[in-house]
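Observations on the model geometry
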Amino acid sequence: LHQLHFNKLTPGEFKQLLGLAERRTLPHGQELTRESVPCDQLYYIVHGRCKLFLRSAYAADIDAGGFVNDVAFQQGDGAGAYGTILVASPEGCVALVWRSEEVEAHLATRPVMRSHLDHVLVATLVKGLMKQREVTSYPPLTSTHTRPLPQLILASYPQGLRGL
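Sequence order as written defines residue numbering, which begins from 1 separately in each chain. Two thresholds apply to this predicted model, a pLDDT of at least 70 for residue-level local features and 80 or more for giving and counting side-chain atom pairs, whereas whole-chain, interface and lining totals are computed over all residues. The basis for the side-chain values is all heavy atoms of the structure; hydrogens and waters are excluded.

1. Here we look at the nonpolar core
The nonpolar side chains of a soluble globular protein tend to be buried with one another. In this text, buried Ala, Val, Leu, Ile, Met, Phe, Trp, Tyr and Cys residues form a nonpolar core when linked through side-chain atoms within 4.5 Å. Residue exposure (1.4 Å probe, protein chains only): buried if accessible area is under 20% of the type maximum, exposed if over 50%, otherwise partly exposed. The biggest cluster of nonpolar side chains holds 17 residues, and the ones touching the most others in it are Phe6, Leu9, Leu17, Phe67, Trp98 and Leu117. A run of H or I in DSSP becomes a helix once it reaches four residues, and a run of E becomes a strand once it reaches two; helices and strands are each numbered from the N terminus. If you list the elements that add at least two residues to this core, you get α2 (11–20), β3 (41–47), β8 (93–99), α4 (100–107) and α5 (111–136). For this core, the element with the highest residue contribution is α5, accounting for four residues. Counting 16 residues, the second-largest nonpolar core is a separate cluster that includes Tyr43, Ile45, Leu54 and Ile85.

2. Description of the pairing of β8
Along β8, six of the seven residues are buried, which leaves the element largely enclosed by surrounding structure. At least two bridges found by DSSP between two strands is the condition for calling them paired. Sheet topology places strand β1 (residues 22–26) next to β8; five bridges connect them, and they run antiparallel. Bridge pairing in β8 places Glu22 opposite Val97.

3. Quick notes on α4
Helical geometry note: an α-helix holds 3.6 residues per turn, so side chains three or four residues apart project in the same direction. Residues Ser100, Val103, His106 and Leu107 constitute the buried set of α4. Taken end-on, α4 shows its buried residues confined to a sector of 130 degrees, consistent with a single buried face. More than 90 degrees from the buried face of α4, the exposed residues found are Glu101 and Ala105. Think of the arc as the fan of directions from the helix axis to the C-beta atoms.

4. Looking at the confidence of the model for the protein
Every residue is assigned a pLDDT by the predictor, reflecting its confidence on a scale from 0 to 100. In the predicted model, the protein carries a mean pLDDT of 85, and the fraction of residues at 70 or more is 80%. Scored below 50 in pLDDT, residues 140–164 makes 13 contacts in the model with residues more than four places away or belonging to other chains. Whether two residues are in contact is decided by their heavy atoms, any of which lying within 4.5 Å being enough.

5. A few points about the sheet that holds strand β2 (residues 31–33)
Spatially, β2-β7-β4-β5 is the arrangement adopted by the four strands of the open sheet, whose pairing is antiparallel. The two strands at the open ends of the sheet, each matched to only one other strand, are β2 and β5 (57–63). Each strand axis lies, on average, 30 degrees off the axis of its neighbour in the sheet, ignoring direction. Orientation is described by axes fitted as lines to C-alpha atoms, over the contacting stretch for helices, and by angles from 0 to 180 degrees between their N-to-C directions.

6. As for the state of the cysteines
The criterion for a disulfide is a pair of cysteine sulfur atoms lying within 2.5 Å. Scanning the model with the defined rule gives zero disulfides in all. Free cysteine Cys50: the closest other cysteine sulfur is in Cys93, separated by 4.1 Å. Judged by relative accessible area, which is 0%, Cys50 ranks as buried. By relative accessible area, which is 1% here, Cys93 ends up buried.

7. Side note on the environment of Gln16
Here Gln16 lies in helix α2. Judged by its relative accessible area of 31%, Gln16 is partly exposed. Sequence separation between Gln16 and His106 is 90 residues; the distance between their C-alpha atoms is 8.9 Å. Apart from residues no more than four positions distant in its own chain, Gln16 is found in contact with His106, Arg110 and Met113. Side-chain atoms alone can form a polar contact between residues adjacent in sequence; in general such a contact is a pair of N or O atoms within 3.5 Å, and within protein one must be able to donate a hydrogen while the other accepts it. A distance of 2.7 Å separates a polar atom in the side chain of Gln16 from a polar atom in the side chain of His106.

What follows is the structure in structure tokens.
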């Protein structure tokens, strides 16, 4: 877990962060955040999937390796959640859960660790945004397409596949 998702933290910082976390199994359908409402927890999805809704419309999946309430956590001072997030996996999901005020208190005297954690949160957010962008740039694969799938995929790359 450290090497895959928290590698900007030193091993010691990662152990400190884990010491503040509670591992929870969250049931299908549980609401983790509600859009614009402050939430006092930061979540890291270990296993399972959540769904993000903005203004009641589905916006994105948050898979294992993603954070929930990271934007509000970084804004601090009781910032409202970016969107409404629900546990989507039928079997629920496993998450590491931190109380924001405990993490903030711990980081208050550890500015380097704060910088490292901010880097992890921003890098994870950017990866998620890039994933969303990639998904929205492809034509939908539905029964309305008349060309065979390989031709459809090749048509999505007018420059050819050499640059991939």
